[in-house]
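# Architecture at a glance
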Amino acid sequence: MSDAKVIKPESLTIDWQSDKTNRRVRRRYAANRRLQAYGIIAIVLAIGLLGVLVTSIVSTGAPAFVQTKVDLQLDIDSAKVDPQDPASGNYRTIFRDAVANTVPGVTSKNQRSITKIFSSDAPYIVRDYVVSHPDVIGKTVTLAIPVSDPFDQLYKGVIPLKVDALSWSEARWFERLKNRAVVVEQDGRTGLKLDVYIDPAKVEAGPPPSGEFAALAQDSLQAYLPNVRDSSLFKMLADDAPEAIAKRIAADSGVIGKTVQIVFPVSAPYAELAKGETPKVLNPRYSPDQIEAFDTLKERGLVRSPFNWELFFRADSRFPERAGLAGAIAGSFYALLVCFLLSFPIGIAAAVYLEEFAPKNRITDLIEVNINNLAAVPSVVFGLLGLAVFLGYFGLPRSAPLVGGMVLSLMTLPTIIIATRAALKAVPPSIREAALGVGASKHQVMMHHVLPLALPGILTGTIIGMAQALGETAPLLLIGMNAFIPSVENVGLLEPATSLPTQIYSWADSPERGFVSRTSAAILVLLGFLVLMNVIAVALRHMFERKW
Amino acid sequence: MIGYLLLLLIALAVFGYFAGRRRAVSSVGGRQQELHSRPNYHGAFVAAWIGIPSILLVLVWLLLQGPVIDHLLLWSLPPGTTDGLSQGQIDLMLSEIRSVAAGNVFGEPSLAVQAAAERYQHWQVIARWAMAGAAVSVALLGLVLAGRRISPSFRARHGAERILSGLMIACSLIAILTTLGIVISLLIEALRFFDRVSIFEFLFGLNWEPQIPIREGQVTAGGAFGAIPVFAGTLLISAIAMTVAIPIGLFSAIYLTEYAHPKVRAAVKPVLELLAGVPTVVYGFFAVLTVAPALRDFGDTIGLSIAPNSALAAGAVMGIMIIPFISSLSDDAITAVPRAMRDGSYAMGATKGETITKVLLPAALPGIMGGILLAVSRAIGETMIVVMAAGIIASLTANPLEPVTTVTVQIVTLLIGDVEFDNPKTLAAFALGLFLFLATLALNVLALHIVRKYREQYE
């Protein structure tokens, strides 16, 4: 034990300069930076998704804010319209004649398709104009007639005039044949040099040779692409392709029963594809006659696309080019009005009671738990409540804004109560004590001092609650507030109505191409109202914000 | 008519206010200081006595008038007319009588119906006028009774304040009434459903085909009400939504609370909250317009076939909607961790990342879990996104590329259009609604419980 010395445990001496610790420190900091990077990625993703949402809605919705129209000269012939009864004139003929006069080359044969350039509502537009301006009977007027949906989309460039003749997979099949050196040029035409088994069961030597040549040609093509199970493959062969087999048999009837190589010409789009071009055809929505007529109208400067006021001032229609939001806006307005009239006073009264007067007992606890839970109940359940109680039990009319407003008010009530209580809490106790000190009753303190001071906060909360109610869809769908409202005139508290969000839902469900754009435009209008309400709420908060 | 009656009652109340004031002032000969309460309170007292009972009477009358007249009508029909008719047929007959009375005659109504329609019209008119008469007399009675109590020593302020308190209590009770209304209406309709379809078939059946013939002779499947595929679809879509929302929400909350400069935080937080302010119908359209086609194209290029109404598209978009819930609730939970714990960790030499993962997140975990549970309850109750972007046919699959349906989709599709309450199809929606309500309620209560318990630990 002479050599006894203190043994320092290895682990306690840390060489801070060693590679090992340096690596460790670097690793720890790298982990830190990674976490930070994940955070940045998450935020960028979230904001990016919001951006994608907004851009996709704006870019599809923007075209709907203009409407393509054609200035048409209409001869309101007094022989066709009775000045005594302008509503029942023969406007279909007037409109048809106007089209024939404006567009050159309208024949009885293509007249139907040319008329389809214009909205199907066109005769009614003329009628409505004449009914409101009876003095034009016997004169010529120029009216801007909306074009039908396909031409509206065409003029805005949403739908292309020409479309790819071949689908992606069709082009791909041709590419695979090319890779197998089957595609050849012969006699100035592009052809496919295919192995063909001339089945003696299917052909007769003739002369002239006969048989199922088309089937043979198709079978041989199929043999090259065995995995393709799609009959559009055979569109690759030109119409005269089967004749190549006939010619071959005519030249040498000995090929029957043998496998020979035959060159089949390909159809026109594939020939273009072989030359390295992308084959295009006229969009099948349009006929050449229509395009010619529409181009003439454009050349003569008759086609315009003015701002689409009808989007705001007309109600719904089956034709997208005539559909507007006025009915939906009116319905939403009535429903929100009812919602406000019910939930604002009730919400404030309930909040004031719970915050200022209620004794602490079981019942008030129960009420508070209820309010918190109601705030989290799914909206569709409120729709079920409205359906079962307001419609089923009380027998109120279906689709009415009154019922919609009542259901929405039940949903906004918790929001308003919670916001009001927060606003009441923010009023300092000194105000209450001062008022009580000079002899005011509890109610007077409330009505004269606390409520007026809390009002800006209450209003802010109420507006935010109303904004939520404006965007609510599911409960309104369940009580049927998605009626088809073609006219704004009979919108009332008890009449069937629709609302902005349910209108968006109905339009999104419509098959016409034009409604896609209208739906996005309706969404933009809805978001516009929401932004406006929130801006008002924020402005109110800023204007009346007090630091105590 | 009802609008005018309400206006008249309000006008009477306003008149009562001024009359009460005047009477109070004149009772002391204009020397207002001799009154116990200020004249306004006398006026308000009289106005309340006029307005509240009479308007309540009108509302109750309106609620009861329809059922009472229906009963009288059935009772007045020639004996034997309603024998052997089901409730649905009786309802049909009543609505025929009503539409004949309103002047919309379809076909040839029977003589009994015509006579009943005339009686119905007659009684309607009588009921209207009786209601108006009763309401106005109640209002006038209120005026007289309250007016007679006005005297210099009458404590009108106390009376008015008591009435106001009563009104406020009534308003607070509306919250309880709403919950009761939800529970009772869902329970009644769901019980009627379970009368026809066994609850075991509903809860454990694997086949959901609610299309049963509405008209006689209509060819449809027999109708099967096994809700397992519907529940499974709801869970699948919610799970996809949470897979999108939890990482994005949680990581952005971590970044915003711990790493971001206060200015960045002040700018980014409201932007994230915008995601919560977008109406769900907009998300639904976004899913249909952009996300589903994009997913399908992507699937095409890698050789997967993705259905246009796949669970993935609906779930992903729902996830986007839920991001702000997760991020703001996690944000709250992380900021609520006491400063001392953070400082202690830094003092030990931990990096920011280590402090977050080893100290803050474990401490905030209950709060974050509560937030996630709230978000799950949001997801299963969310309606418009799935109605627009998910499927209608219930199929039992865990493949996110295939369409599935959810509870809310079924509720909406079963109830859209004309609703007959006498139909298992309609009632099934209420049964689904009951389970949806119970599930979200349980999740919320659990979440609030977790959050509250956790808060107590640090306070």
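Since we're looking at a predicted model, the values are computed, not measured. (Residues numbered from 1 in each chain as written. Chains lettered and ligands numbered in written order. Predicted model: local features only at pLDDT ≥ 70, side-chain atom pairs only at ≥ 80, totals over all residues.)

### As for the overall build of chain B
A tally of regular secondary structure across chain B gives 15 helices and 2 strands. At 31 Å, chain B has a C-alpha radius of gyration far larger than the 23 Å of a compact globule built from 459 residues. Expressed along its principal axes, the backbone C-alpha trace of chain B runs to roughly 85 × 75 × 35 Å. Per-residue burial for chain B yields a buried fraction of 42% across its 459 residues. Put simply, 74% of the contacts in chain B that link residues at least 6 apart link residues at least 24 apart. (Helix = DSSP H or I, 4+ residues; strand = E, 2+ residues; numbered from the N terminus. Rg over C-alpha atoms; globule rule 2.2 N^0.38 Å. Buried ≥ 20, exposed ≤ 12 C-beta atoms within 10 Å, placed from the backbone. Contact = placed C-beta atoms within 7 Å.)

### Examining the overall build of chain A
What chain A contains, in helices and strands, is 20 helices and 10 strands. Reported as C-alpha extents along the three principal axes, the dimensions of chain A are approximately 130 × 120 × 50 Å. Counting all 548 residues of chain A, 40% fall into the buried class. Contacts spanning at least 24 positions in sequence make up 77% of the contacts within chain A whose residues lie at least 6 apart.

### Overview of the interface of chain A and chain B
Between chain A and chain B, the contact holds 66 residues from the first and 69 residues from the second. By residue number, the principal contributor to the side of chain A that touches chain B is helix α1 (residues 19-61) of chain A, which donates 21 residues. Looking at side-chain class alone, the side of chain A that touches chain B contains 50 nonpolar, 15 polar and 1 charged residues. (Nonpolar A, V, L, I, M, F, W, Y, C, P; charged D, E, K, R; others polar.)

### Some remarks on the sheet that holds strand β8 (residues 259-265) of chain A
All names here are of chain A. The antiparallel open sheet is built from 3 strands, whose spatial order is β4-β5-β8. Looking at strand neighbours, the two that pair on one side only are β4 (183-186) and β8, the edges of this open sheet. Averaged over neighbouring strand pairs, the angle between their axes works out to 45° when direction is ignored. Two strands pair when backbone bridges link them, and β4 and strand β5 (residues 189-197) are joined in this way by 4 bridges, in the antiparallel orientation. Within the sheet, the bridge partner assigned to valine 183 lies in β5 and is leucine 192. (Pairing = 2+ DSSP bridges. Axes fitted to C-alpha atoms, helices over the stretch in contact; angles between N-to-C directions.)

### Structural notes on the packing of helix α1 (residues 2-27) of chain B against helix α4 (residues 111-149) of chain B
Each packed pair of helices is defined by two parameters, the angle between the axes and the distance between the axes. Residues and elements named next belong to chain B. Contact geometry for α1 and α4: axes closest at 11 Å, N-to-C directions at 10°. In terms of axis orientation, α1 runs roughly parallel to α4. Between α1, through Leu5, Leu9, Leu12, Gly16, Ala19, Gly20 and Arg23, and α4, the contact on the second element is made entirely by Ala132, Ala135, Ala139, Leu143, Ala146 and Gly147. For the contact of α1 with α4, a count of residues per class yields 9 nonpolar, 3 polar and 1 charged. (Parallel < 35°, antiparallel > 145°, perpendicular 65-115°, else oblique.)

### Notes on unusual backbone geometry
All names here are of chain A. Positioned with a positive phi, serine 399 is a non-glycine residue whose angle comes to about 65°. Structurally, serine 399 is set in the loop between α14 (379-393) and α15 (401-426). Residue classification places serine 399 among the buried positions, given that 21 C-beta atoms sit within 10 Å.

### Observations concerning the confidence of the model for chain B
Residue and element names in this part refer to chain B. Confidence along chain B averages 87 in pLDDT terms, with 93% of residues attaining 70 or more. Here helix α3 (residues 87-101) stands out as the least confident element of chain B, with mean pLDDT 75; helix α7 (residues 228-259) is the most confident, with 95. Here residues 215-221 scores under 50 on pLDDT; set against residues more than four positions off or in separate chains, the count is 6 contacts. We note a pTM of 0.86 for the whole complex and an ipTM of 0.89 for its interfaces. (pLDDT = per-residue confidence, 0-100.)

### A closer look at the packing of helix α12 (residues 326-357) of chain A against helix α17 (residues 442-471) of chain A
Residue and element names in this part refer to chain A. Where α12 contacts α17, the axes come no closer than 10 Å and their chain directions differ by 140°. Overall, the two elements α12 and α17 adopt an arrangement that is oblique. As α12 runs across α17, the sense of the crossing is right-handed. Mapping the contact onto sequence places Ser332, Leu336, Cys339, Phe340, Phe344, Ile348, Val352 and Glu356 in α12 and Met446, Ile458, Thr462, Met466, Ala469 and Leu470 in α17. Taken together, the residues that form the contact of α12 with α17 break down as 11 nonpolar, 2 polar and 1 charged. (Left-handed = near helix turned anticlockwise from the far one by under 90°.)

### Some words on the domain arrangement of chain A
As far as domains go, chain A holds domain 1 (19-64), domain 2 (69-156), domain 3 (187-281) and domain 4 (320-544). Distance between the C-alpha centres of domain 1 of chain A and domain 3 of chain A: 56 Å. (Domains from an automatic or database assignment.)

### A closer look at the nonpolar core
Among the nonpolar cores identified, the biggest contains 191 residues, and Ala350(A), Ala287(B), Ala314(B), Val317(B), Ile385(B) and Ala389(B) are the most heavily contacted of them. The element that contributes the greatest number of residues to this core is α12(A), accounting for 18 residues. Beyond its immediate sequence surroundings of up to four residues, Val317(B) is in contact with Tyr283(B), Phe286(B), Ala287(B), Val291(B), Ile385(B) and Ala389(B). (Core = buried A, V, L, I, M, F, W, Y, C linked by C-beta atoms within 7 Å.)

### Quick look at the domain arrangement of chain B
The domain boundaries assigned to chain B delineate domain 1 (2-184) and domain 2 (224-458). With centres defined by C-alpha atoms, the gap from domain 1 of chain B to domain 2 of chain B works out at 46 Å.

### Observations regarding the pairing of β5(A)
All names here are of chain A. The turn joining β4 and β5, which pair antiparallel and follow one another in sequence, is formed by 2 residues; a positive phi near 55° is taken by aspartate 187. Note: β5 against β8, 7 bridges, orientation antiparallel. Within β8, the position partnered with glycine 191 by the bridge is proline 265.

### Notes on helix α4 (residues 122-132) of chain A
Ala122(A), Pro123(A), Ile125(A), Val126(A), Arg127(A) and Val130(A) are the residues of α4(A) that are buried. Looking at the buried side of α4(A), the elements it contacts are β1 (69-75), α2 (91-102) and β2 (140-146) of chain A.

### Concerning the sheet that holds β1(A)
Residues and elements named next belong to chain A. Read from one edge of the open sheet, 3 strands run β2-β1-β10, paired in antiparallel fashion. Every interior strand has two partners, whereas the edge strands, β2 and β10 (303-304), have only one. Pairing of β1 with β10 involves 2 bridges; the strand directions are antiparallel. Residue pairing for β10: lysine 69 is matched across the bridge by arginine 304.

### Quick notes on the environment of Ala227(B)
Residue and element names in this part refer to chain B. For alanine 227, the location among the structural elements is in the loop between β2 (224-225) and α7. Residue classification places alanine 227 among the buried residues on the basis of 25 C-beta atoms within 10 Å. Residues alanine 227 and leucine 206 lie 21 residues apart in sequence; the distance between their C-alpha atoms is 6.7 Å. With residues near it in sequence (within four places) discarded, alanine 227 still touches Phe202, Leu203, Gly205, Trp208 and Leu432.

### What about the environment of Ala293(A)?
Residue and element names in this part refer to chain A. As for its position among the elements, alanine 293 is in helix α10 (residues 288-299). With 178 residues separating them in the primary sequence, alanine 293 and threonine 115 have C-alpha atoms 10 Å apart. Discounting chain neighbours no more than four positions away, the residues touching alanine 293 are Val103, Ile114 and Ile117.

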